[in-house]
Amino acid sequence: MVTVIDTLKVRPRHPEKQARPDSPVLRKPEWLRVRAPGSAGYNETRDIVRQHGLTTVCEEAACPNIGECWTQKHATMMIMGEICTRACAFCNVATGKPNPLDPTEPARVAEAVARMGLRHVVITSVDRDDLSDGGAQHFADVILAIRAAAPLTTIEILTPDFLRKERAENVVIDAAPDVFNHNLETVPRLYLTIRPGARYYNSLRLLERVKERDPTRFTKSGLMVGLGEAKEEVMQVMDDMRSAGVDFLTIGQYLQPTRKHAPVDRFVTPDEFASYEQIARAKGFLMVSASPLTRSSHHAGEDFERLKAARLAKEAAA
């Protein structure tokens, strides 16, 4: 369980959630148990992240896969600071007024990627509604810096929705990341309570615009389940994603960061995840990852290779 108070900085991590009543925390089933991190590889990755002054979503979002991923030197960089302008009910990233962008960050991220020897890197960010372009140019700067420092590394980005930032996403698309990911997170009915600062159809349209501007670009999106959604609603989101041309779907179990966050409605069983994967593949996704511990960047490098192979197979069969 992650505490609501950030004791290192002695400030409320989620000030907007402090007045909320505590929600019950359900006991995790066996299939959601993970080992505590602490391997030599984990410590090496942690040291590189610290030395370059970087923020990772692995830590900020309390990802359950951090031990496994960092042991393999897979760290998802979170750019544009560690304070988000949104207050999503599911998210453990701190909320508040962000600091100005750091112009040295693209170079520091690129240097860390090169030093880790990453074949594939995932770059995400906080929401920056305070910026005129939502941080689009900063994303592009990071992509270009990685291309210069580690030209053989493939780049996957997980972006904000650029809500009310007219065509800002074009700057990011034109920087040519190998995978453009934006998570829908949940079904439309739950947006008001789970993702109140976002708009479902704006997020869906963002994914569609990526394909319109560059049909060759791989697109990816993810859902959390266990928030109270119905199976039929998840299937409708799958259809919406396919209509927008999304290539890769991830589905994972929502885990409640603290008692102040949205409660877990239920733990979806591994058999149900297998069913979701079967349905999604039948709907035409090139790649599907659906399991209790699936997260957007979990096994991203291996999945990218499978994604490319699936496209080639589909083109060969056409």
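First things first, this report covers the structure right here in the doc. Keep in mind the model is a prediction, meaning the values are calculated, not measured. Within every chain, residues take consecutive numbers counted from 1 along the sequence as written. Whole-chain, interface and lining totals are the exception, using all residues; otherwise, since this is a predicted model, local features are given only for residues with pLDDT of at least 70 and side-chain atom pairs are given and counted only at 80 or more. Excluded from the side-chain calculation are hydrogens and water; included are all heavy atoms of the structure.

**Focus on the nonpolar core**
For soluble globular proteins, the rule of thumb is that nonpolar side chains tend to be buried together. We define the nonpolar core as a collection of buried residues of types Ala, Val, Leu, Ile, Met, Phe, Trp, Tyr and Cys that are connected through side-chain atoms lying within 4.5 Å of one another. Relative accessibility under 20% of the residue-type maximum defines a buried residue, over 50% an exposed one, and the middle range a partly exposed one, all with a 1.4 Å probe and only protein chains included. In this structure, L184, I194, M238, M241, I251 and F285 are the most contacted members of the largest nonpolar core, which totals 39 residues. Every element with two or more residues in this core is listed here: α7 (191-194), α8 (200-213), β9 (218-225), α9 (231-243), β10 (248-253), α10 (270-282) and β11 (287-290). Not counting residues up to four positions away in its chain, the partners in contact with M241 are L184, L204, S221, G222, L223, V246, L249 and F285. One finds A110, L131, A140 and V142 within the second-largest nonpolar core, a separate group that totals 36 residues. Secondary structure elements are taken from DSSP: a helix is a run of H or I of four residues or more, a strand is a run of E of two residues or more, and numbering for both begins at the N terminus. Contact definition: two residues touch when any of their heavy atoms are within 4.5 Å.

**Quick look at the side chain of D240**
Secondary-structure assignment places D240 in helix α9. In this view, D240 contacts Y200 and L204; residues no more than four positions away in its chain are not counted.

**Digging into the packing of aromatic side chains**
Each pair of aromatic rings is reported with the distance of its centres and the angle of its planes. Working definition: a ring pair exists when centres of Phe, Tyr or Trp rings (six-membered ring for Trp) sit within 6.5 Å. Plane angles under 30 degrees give stacked, over 60 give edge-to-face, the rest tilted. Per the stated rule, a full pass over the model turns up three aromatic pairs. Each ring, one from Y191 and one from Y200, has its centre 5.6 Å from the other, and the planes form 90 degrees; the classification is edge-to-face. Taken together, the ring pairs connect Y191, Y200 and Y201 into an aromatic cluster. A ring is scored as having a charge over it whenever the NZ atom of a lysine or the CZ atom of an arginine sits within 6 Å of its centre and within 35 degrees of its normal. Sitting over the ring of F218, R311 keeps its end group 3.7 Å from the ring centre.

**Some points on α9**
Here α9 spans 19 Å end to end across 13 residues, near enough to the 18 Å set by a 1.5 Å rise per residue. Within α9, the full set of buried residues consists of V234, V237, M238, D240 and M241. Along the long axis of α9, the arc covered by the buried residues comes to 165 degrees, so they all point the same way. Facing away from the buried side of α9 by more than 90 degrees, the exposed set consists of E232 and S243. Structurally, α9 contributes buried residues whose contacts are with α8, β9, β10 and α10. Expected span of a helix, by definition, is 1.5 Å for each gap between consecutive residues, and there is one gap fewer than residues. The directions considered for the arc are those from the helix axis to the C-beta atoms.

**Brief notes about empty space enclosed by the protein**
Definitions used throughout: a 1 Å grid over protein atoms alone; a cavity as a set of points that fits a 1.4 Å probe which cannot get out; a pocket as an open set with protein on both sides within 12 Å along at least five of seven lines; a lining residue as one with an atom within 4 Å of a point. Grid points are joined across faces, edges and corners, and a volume is the space filled by probe spheres set on the points. Tallied over the full model, the rule gives one cavity of 30 Å³ or more. A volume near 40 Å³ is recorded for the largest cavity. Taken together, R86, D127, R128, D129, G134, P160, D161, F162, L163 and K165 make up the full set of residues lining the largest cavity.

**Quick word on the side chain of E105**
The residue E105 is located in helix α4 (residues 105-116) in this model. Buried E105, no salt bridge; nearest opposite-charge side chain is R108, N-O distance 4.7 Å. Within the local environment of E105, its side chain forms a polar contact with the side chain of H138, the two groups lying 2.7 Å apart. Working convention for charge: Lys and Arg count positive, Asp and Glu count negative, and His plus the chain ends are omitted. For salt bridges, the criterion is a side-chain nitrogen of Lys or Arg within 4 Å of an Asp or Glu carboxyl oxygen. In protein, a polar contact means a hydrogen-donor-capable atom and an acceptor-capable atom, both N or O and within 3.5 Å, with residues adjacent in sequence counting only if both atoms are side-chain atoms; elsewhere, any N or O pair within 3.5 Å suffices.

**Digging into the pairing of β9**
Summarising burial for β9: eight of the eight residues are buried, a large majority. In β9, alternate side chains face the same way, and those of F218, K220, G222 and M224 on one face and T219, S221, L223 and V225 on the other are all buried. Criterion used throughout: strands pair if DSSP finds at least two bridges between them. Where strand β8 (residues 179-181) lies against β9, three bridges are found, and the strand directions are parallel. By the bridge assignment for β9, F180 is matched with T219. Pairing analysis gives six bridges linking β9 to β10, with the strands arranged parallel. Bridging from a neighbouring strand, V225 pairs with Q253 of β10.

**A few points about the sheet that holds β11**
Taken in spatial order, the seven strands make up an open sheet running β3-β6-β7-β8-β9-β10-β11, and their pairing is parallel. On the outer flanks of this sheet lie β3 (77-79) and β11, each paired with one strand and no other. Pairs of neighbouring strands in the sheet enclose a mean axial angle of 20 degrees, with direction left out of account. As judged from the three bridges shared by strand β7 (residues 154-158) and β8, these two strands associate in the parallel manner. Lines fitted to C-alpha atoms define the axes, with helix axes restricted to the stretch in contact, and inter-axis angles between N-to-C directions lie between 0 and 180 degrees.

**Re the environment of A136**
Examined against the element boundaries, A136 turns out to sit in helix α5 (residues 136-149). Assessed through its relative accessible area of 0%, A136 is described here as buried. When the C-alpha atoms of A136 and A175 are compared, they prove to be 10.0 Å apart, with 39 residues separating the residues in sequence.

**Quick word on the packing of α9 against α10**
α10 packs onto α9 with a crossing angle of 35 degrees between their chain directions and a minimal axis gap of 10 Å. As α9 packs across α10, the resulting crossing turns out to be right-handed. On the side of α9, the interface is formed by K231, V234, M235 and M238, while α10 contributes S275, Y276, I279 and A280. Residue classes in the contact of α9 with α10 are distributed as six nonpolar, one polar and one charged. By definition, any crossing whose near helix is turned counterclockwise from its far helix by less than a right angle is left-handed, and any crossing with a clockwise turn is right-handed. Lys, Arg, Asp and Glu make up the charged group, whereas Ala, Val, Leu, Ile, Met, Phe, Trp, Tyr, Cys and Pro make up the nonpolar group; the residues left over, Gly among them, are polar.

**Looking at the packing of α4 against α5**
Orientation of α4 relative to α5, taken along the N-to-C sense of each, is 40 degrees, at an axis distance of 8 Å. Taken together, α4 and α5 sit at an angle that is classed as oblique. Relative to α5, the crossing made by α4 is right-handed. Along the contact surface, α4 presents E105, P106, A107, V109, A110, V113 and A114, while α5 presents H138, D141, V142, A145, I146 and A149. The residue inventory of the contact of α4 with α5, partitioned by class, reads ten nonpolar, one polar and two charged. Each angle is binned into one of four classes, with values under 35 degrees roughly parallel, values over 145 roughly antiparallel, values of 65 to 115 roughly perpendicular, and all other values oblique.

On their own, these measurements won't tell you what the molecule is for.
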